[in-house]
Amino acid sequence: LGKSNGPDRNAMLKLPCKVTGITVSGVRFTSKEFIQRLLQRAQEKTTHGELAEELSRASGRLEQIGIFRAVRCEVDAGQKDDDVVILVDVEEKGRHTVSTGTFVNEGEGNLEVSWTLRNFGISAEQVQSSVACGSSGSNGFRVEFVKPYITDNLSFQASAFENLKRIATPRSVGEKKTGFAMTLGQVEGSSSFTYEISRRSLAGASQDDGWESKDMTSLKSSIMHTFLRDTQDNKESPTRGWLIKNVLEVAGIGGLGCKFWKNEVYAQVHHSPWREKSFLNSITLSLTGRFGVLQTLGGDTSRYFDRFHMGGAWSLRGFKPRSVGPSFGHGYAGTVSVGGEAMAMVDASLSGDLPLPASLSRFTKARFHVFGNVGNNVAVPSGPPVLTKCSQVFRDVRSAVGVGLLIPTPLGRLEINLCLPLRGSQADMDRASFVQIGLVPV
């Protein structure tokens, strides 16, 4: 069918068919019944066109599991005129894999070594473990069990973890987190639910240095709902499409640990209005927004680990990492961010391809951008509903404009920006960043 064109192809796609069987070959460890279950919807199709579309989706589902090197779905004739048999041929990846990789977490480069055991069971279950260390002394490990399908549209994963992340200022203090999490998510959908119980502490912090005891050690037992829809054409440098993500968390489950609810919404939209004009076809207008609130419950007070932190190329350009919001200390070198209970940020930018010679454009997809962003991160006293006090986040906002380069890399999007902070307190201006280089994870 794929080689047919014009009216003949359309006529063939409309021909009736009836799937009478599914044959699976190439498996060594994976259950054939598991693969056949993922193709169950194909048996309900009644035309060749519907069947071709469903087989394409089924191939995608099998490839996303991560245990197959190649997946091929074909259709063969059955015993009767309209009967067809689906032929599935797969090539499995190795049972064990050891790999290394790099990633960026709030501007700190990290090296990760991971080990994966595929097909732990017979239904594509996997066990993954990883150890990571950062350039500033951060480190961590994680062990995870993944079952990609517990029903036709639900996945399950469970993990145990411990990590230590050094904060930007002072580097002698680290955020330590040890815990266990379980996630139930839609395979073909937008929602997931996560339960987490974890113990958090600030390694190296002391009340003598100004830290509050409630921030230094805390327990969290929470349920989190994540909603995500993404239509962007490219994650590193999108030129059209949109993304919306909402994360709602409720803590204090089972009467354990700190008690709060927290909601953060993040949205992006990209548009290329001059796509038909050759000299302007790469120009993209982008708008990004983020808003979050944290409300304590039962007379509790908020903790450092649960508050919002802002500043840096990944949240508010023109200001240094975690420099925007409530803090203690004096001067940037001695200032420590403690986070806020309400935050908002809006960023508008215009970007386009760099006019590079063809010999250079083959090696990089770098783009220029001109941007302006405003944002704020404020403390809201516990007690009254935080939503009644959220107007504070729109007062005395910080703002900055600038120009820069966007360079996609395997680690994320590298930004090199020249920034001009326009508004902020004197403390903000002391912590402003006129030349900003940062890696933004995507």
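The structure this text deals with has already been given above.
Residues numbered from 1 in each chain as written. Predicted model: local features only at pLDDT ≥ 70, side-chain atom pairs only at ≥ 80, totals over all residues. Heavy atoms only, no water.

### Considering a nonpolar patch on the surface
Taken together, the side chains of V370, V401, V403, L405, I416, L418, L420, L422, F434, V435 and I437 make up a nonpolar region of the molecular surface, amounting to roughly 960 Å² of accessible area. Broken down by secondary-structure element, the contributors of at least two residues to the nonpolar patch are β19 (398-409), β20 (412-423) and β21 (435-440). With 4 residues, β20 is the single largest residue contributor to the nonpolar patch. As for its position among the elements, V403 is in strand β19. (Patch = residues over 30% accessible without salt bridge, like charges linked within 9 Å, V, L, I, M, F, W, Y side chains within 5 Å. Areas by Shrake-Rupley, 256 points an atom, 1.4 Å probe, with all protein chains shown as cover. Salt bridge = Lys/Arg side-chain N within 4 Å of Asp/Glu carboxyl O. Helix = DSSP H or I, 4+ residues; strand = E, 2+ residues; numbered from the N terminus.)

### Points about the nonpolar core
As a rule of thumb, nonpolar side chains are buried together in soluble globular proteins. Counting residues in hydrophobic clusters, the biggest one holds 24 residues, and the most contacted among them are I35, L39, L51, L62, I65, I86 and V88. Looking at this core, the elements with two or more residues in it are β1 (18-25), α2 (32-38), α3 (48-65), β2 (68-77) and β3 (83-92). Top contributing element to this core by residue count: α3, with 5 residues. Sequence-distant contacts of L39, that is, excluding residues within four places in its chain, are made with I22, L55, A58, L62, I86 and V88. (Core = buried A, V, L, I, M, F, W, Y, C linked by side-chain atoms within 4.5 Å. Buried < 20%, exposed > 50% of the residue type's maximum accessible area, 1.4 Å probe, protein only. Contact = heavy atoms within 4.5 Å.)

### A word on α3
Between its terminal C-alpha atoms α3 stretches 26 Å, which fits the 26 Å expected from 18 residues at 1.5 Å a residue. Where α3 terminates, the next one or two residues include G66, which has phi positive at roughly 95°. (Expected span 1.5 Å × (residues − 1).)

### Side note on the environment of L356
Among the structural elements, L356 can be located in the loop between β17 (342-353) and α6 (358-361). When its relative accessible area of 32% is taken as the criterion, L356 is described as partly exposed. Separated by 11 residues in the primary sequence, L356 and R367 have C-alpha atoms spaced 10.0 Å apart.

### Overview of the environment of Q157
For Q157, the position within the fold is in strand β8 (residues 154-166). Its relative accessible area of 30% is what places Q157 among the partly exposed residues. Taking the C-alpha atoms as reference points, Q157 and R423, separated by 266 residues in sequence, lie 45 Å from one another. In this view, Q157 contacts E144, F145, V146, A181, M182 and T183; residues no more than four positions away in its chain are not counted.

### Observations regarding the sheet that holds β1
Reading across the sheet, the 3 strands line up as β1-β3-β2 and stay open at both edges, with mixed pairing between neighbours. Each edge of the open sheet carries a strand with a single partner, namely β1 and β2. The mean inter-strand angle of the sheet, taken between neighbouring strand axes irrespective of direction, is 20°. Here β2 pairs with β3 via 9 bridges, running antiparallel. From the neighbouring strand, A77 faces β3, where its bridge partner is V84. (Pairing = 2+ DSSP bridges. Axes fitted to C-alpha atoms, helices over the stretch in contact; angles between N-to-C directions.)

### Description of the pattern of salt bridges
All told, the structure shown has 28 salt bridges when counted by the stated rule. Taking the shortest distance from any N to any O, the salt bridge between R57 and E54 comes out at 3.0 Å. Taken together, the residues R57 and E54, both in helix α3 and 3 residues apart, mark about one turn of the helix. For D353, the salt bridge identified is with R367, shortest N-O distance 2.7 Å.

### A word on unusual backbone geometry
Positive phi, normally seen in glycine, also occurs at N119, with a value near 50°. Positive phi outside glycine occurs at R322, with the angle close to 55°. Turning to its location among the elements, R322 is positioned in the loop between β14 (284-296) and β15 (327-328).

### What about the side chain of N377?
Inspection of the secondary structure assignment puts N377 in strand β18 (residues 367-378). The exposure class of N377 is buried, given its relative accessible area of 2%. In terms of polar contacts, N377 uses its side chain to reach the backbone carbonyl oxygen of F308, at 2.9 Å. Within polar-contact distance, the side chain of N377 engages the backbone oxygen of V324 at 3.2 Å. (Polar contact = N/O pair within 3.5 Å; in protein donor to acceptor, adjacent residues only side chain to side chain.)

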